[in-house]
Each structure stands twice: as C-alpha cells, then as structure tokens.
Amino acid sequence: MKSTKVTNDNLEFDKYLNAPNWKNCISSTLLKQISNSTVAHAIGQRPKKSVAFDIGTAIHYILLEPEKFEQNVKRCGKDRKTKEYRDLKKEFPDDIILPDQTYEDCIRARDAVYNKTESAKILTSPFGKNEISVKCDLIDLLGQDTSFHGKARVDRVIEGETSDILIDIKTTRDASQRSMIRDIANMGYHIQEAWYRYCWERTSGKTVSRFLFMCVEKEPPFASCIYELPEHFVAEGRERMLNALHDYNEAITEGVILDYEDKIIQLGEEDIPHWHYKVLNPEEELISFKDETINL
C-alpha cells in the first residue's frame, strides 16, 4: 500500500463525515465506542442529534468559526415550541435553531472564555489554525497490506517549527477537575488524544508537544478550565486505542462482527455490588448462572 498523508484546513465538517474519500476512515469516535463496548456496537451506532449537541456545536462555532455562528445559528424566540422555530427549521433544516436565551448564553460563554488569560492566548495566537482535518495510512500500525486509513479533525493547532500544540474544546455541564477527570475516563478522551497525536504526527511529520482540553460550561456562570493529561494516562489511552484498532481490523478482515461472548456467563458474588441487595444480605443468598452450553 502506498503511504497516504493528507492535511486539509478548508474541509467542511459534513464532508469530513460523509465525503467518499473520508467517510470510511477510522476515527477516534469509532475507536472510543469499540473500547467502551464492542465492534458491533460501534459499527451499528447511529448518529444522534440533541439540544445539548446543538449547543455544543454553536459554542464551537462562536469560539473557532464565528462567521459560521452568524450564518448557521439562528434564534427562534422563547423556546422550541414556537411557530417561529418550526418555520425556521423548515426553511433551514441543516442550521442550528436556538431559543433566544440559549443563543445569548453562547455569546456569554464566548466572552467568559476570552476573559481567561490562557484561553485568550490560545484562541488569539497568530500561529494558530482552526478545524484542521488530517488523514493518514495505518501501515506502521496494521502492516503493509492494510487498506484502512485514519482521520482526525483538530479543533485548533498552535504551529511551531518542529512541534505543534493541539487543542480540543469540550462543552460540559461541569468543568471542575473532579467532573472532568470522570468524563475523560468514561468518555475516552485519553483514547482520542492518543489517536489525534498519532494522526497528526503521522501527517505533519512534526511531534505534538502538548495536547490541551479546553472545557467550557454551557450554563451560567460559563466557567472554563484547560486540562492536560499526565503521560501515563495518555499511554493508557494509546494502549486502548491500539486494542480497539486491532479488534476492528480483525473483525472487518475476517468478516465476523461479534458483540458479547457467545456463552452463558457465571456471575460470582464479587460481580454484584452489595448495594444492589435490597432485602437479603449478599452472603445469605446468591443467584448464579452456570458457564455452560444449553442442552436442548
């Protein structure tokens, strides 16, 4: 397979998702889903849009692509139950339609972020670029015979001569350290970081010196904080990334897409947390299932 490396700083997000030469590339979203569940779940996942998704996208726009916020985010009055909302949604089905208060909240969130010295420094750096899409081959991970490619879409990069800083913006209800540590672990942000580092370094030929998560709350007071993961946890993310990648490669190559184990699993006492017992004490009565095939 010929080595492939593509960097595109003008690719629209919809094309990043759906264009023929980008759609089937492996993304961090796919790998996170595999790592947290199974290949079958990841492949069968349907795109979901929600109010929270719309707000997150709108805040991304206003921080990184303000012209898109002006063009593609519209206000609909009091709430989404109004006739104005229905009319706008019919006329602009691909746009984000927000109630007036939520629209104003996005502006306040932007202002709060820019009031932070470090955030403003990152967002206004003359060496920065936004929404960069990269695509690369996976030869050094899966071997010369692989036809798979990887892709990543970096929110912002601060470019240097030999190394770059990557920034990923996360909108959240709670940007506190305790909450974000939980979200990073549960949602696989360390897996995402490992994948983005790989794709960026493979494509650019430069190292990633730092990877920063800029976390922004979607509700008042629109607090924000920037986090950087410890190397050891990023290494954990890389191992989970590699395991998920090899699981996907094996499943697609062999044409066997499995979900959970095809057997009866025996649950032991240690598998059932004690707080699930409402009447009996865990030691008094246990329910178990034998790990054996069914004789019909």
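Parameters and conventions
Numbering of residues starts from 1 in each chain and follows the order in which that chain's sequence is written. Side-chain atom pairs in this predicted model are given and counted only at pLDDT of 80 or more, local residue features only at pLDDT of at least 70, and totals for whole chains, interfaces and linings cover all residues. Here the side-chain values reflect all heavy atoms present in the structure, with hydrogen atoms and water set aside. What counts as a helix is a DSSP run of H or I of at least four residues, what counts as a strand is a run of E of at least two, and both are numbered from the N terminus. Remark: exposure states derive from per-residue accessible area (1.4 Å probe, protein chains only) relative to the maximum for the residue type, with buried under 20%, exposed over 50%, and partly exposed in between. The contact criterion used throughout is that any non-hydrogen atoms of two residues lie within 4.5 Å. Here the Shrake-Rupley method, with its probe set to 1.4 Å, supplies the accessible areas, and only the displayed protein chains count as covering residues. Note on charges: Lys and Arg go in the positive column, Asp and Glu in the negative column, and His and the chain ends are not counted at all. Charge positions come from single atoms, namely NZ of Lys, CZ of Arg, CG of Asp or CD of Glu. We treat two strands as partners when DSSP finds at least two bridges between them. Inter-axis angles, ranging from 0 to 180 degrees, are taken between N-to-C directions of lines fitted to C-alpha atoms, where helices are fitted over the stretch in contact. Angular relationships are summarised with four words: roughly parallel below 35 degrees, roughly antiparallel beyond 145, roughly perpendicular across 65 to 115, and oblique for the angles in between. What makes a crossing left-handed is the near helix being turned counterclockwise from the far one by less than a right angle; a clockwise turn instead makes it right-handed. In this classification, Asp, Glu, Lys and Arg are treated as charged, Ala, Val, Leu, Ile, Met, Phe, Trp, Tyr, Cys and Pro as nonpolar, and every other residue, Gly included, as polar. Aromatic rings from Phe, Tyr and Trp, taking only the six-membered ring of Trp, are treated as a pair when their centres fall within 6.5 Å; an angle between ring planes under 30 degrees marks them as stacked, one over 60 as edge-to-face, and anything in between as tilted. We call a charge positioned above a ring when the Lys NZ or Arg CZ atom is no farther than 6 Å from the ring centre and deviates by at most 35 degrees from the ring normal. Working rule for helices: expected span equals 1.5 Å times residues minus one.

Once that is clear, we can look at the overall build of the chain. Across its full length, the chain holds 13 helices and eight strands. Its C-alpha atoms give the chain principal-axis dimensions of roughly 65 × 55 × 40 Å. Taking all 296 residues of the chain together, 42% fall into the buried category. The contacts of the chain with a sequence gap of at least 6 include a subset with a gap of at least 24, amounting to 69%. Accessible surface, the chain: about 17800 Å² in total, of which carbon and sulfur atoms supply 50%. When the 41 basic and 51 acidic side-chain charges of the chain are each reduced to a single mean position, those positions are 7 Å apart.

Turning next to the side chain of Asp54. Tracing the chain through its elements places Asp54 in helix 5 (residues 51–64). Looking at Asp54, the relative accessible area reads 11%, which means it is buried. Sequence-distant contacts of Asp54, that is, excluding residues within four places in its chain, are made with Arg80, Ile96 and Leu98.

Moving on, we come to the pairing of strand 4 (residues 128–137). The buried fraction of strand 4 is high, at seven of 10 residues. Bridging between strand 1 (residues 5–8) and strand 4 involves four bridges; their strand directions are antiparallel. Among the inter-strand pairings, Thr7 is bridged to a residue of strand 4, identified as Val134. Both strand 4 and strand 5 (residues 149–159) contribute to a ladder of nine bridges, which runs antiparallel. In the sheet register, Cys136 faces strand 5, and the bridge partner there is Gly150.

Further remarks concern the packing of helix 3 (residues 28–36) against helix 12 (residues 189–204). Interhelical geometry of helix 3 versus helix 12 gives an angle of 140° and a closest axis separation of 9 Å. What the angle tells us is that helix 3 and helix 12 run oblique. Regarding helix 3 and helix 12, the two cross each other, and that crossing is right-handed. The residues of helix 12 that touch helix 3, namely those facing Ser28, Leu31, Lys32 and Ser35, are Tyr189, Ile191, Gln192, Trp195 and Tyr196. Residue composition of the contact of helix 3 with helix 12, grouped by class: five nonpolar, three polar and one charged.

Here we come to the packing of aromatic side chains. According to the stated counting rule, one finds eight aromatic pairs in the structure shown. Note on Phe211 and Phe213: the rings are 5.1 Å apart at their centroids and 55° apart in plane angle, and the pair reads as tilted. Grouping residues by exposure puts Phe211 and Phe213 together as buried. Taken together, the aromatic side chains of Tyr189, Tyr196, Phe211 and Phe213 make up a single cluster linked through ring pairs. Just above the ring of Phe92 sits the side chain of Lys74; from NZ or CZ to the centre is 4.2 Å. Positioned over the ring face of Trp22 is Lys135, at 5.1 Å from the centre of the ring.

Quick look at helix 8 (residues 100–114) now. Between the first and last C-alpha of helix 8 there are 22 Å, a value that for 15 residues agrees with the 21 Å anticipated at 1.5 Å per step. Taken together, the buried positions of helix 8 are Thr102, Tyr103, Asp105, Cys106, Ala109, Ala112 and Val113.

We now examine the pairing of strand 6 (residues 163–172). Within a regular strand, side chains alternate between the sheet's two faces. Across the 10 residues of strand 6, seven count as buried, placing the element largely inside the fold. The pairing of strand 5 with strand 6 spans four bridges and is classified as antiparallel. Pairing of Ile158 across the sheet is with Ile165, part of strand 6. Counting the residues between successive antiparallel strands, the hairpin from strand 5 to strand 6 contains three residues. Bridge analysis of strand 6 against strand 7 (residues 207–217) gives 10 bridges, and the strand direction is parallel. Each residue of the ladder has a partner; that of Leu166, found in strand 7, is Phe211.

Note that all results are geometric; they support no functional claim without further evidence.
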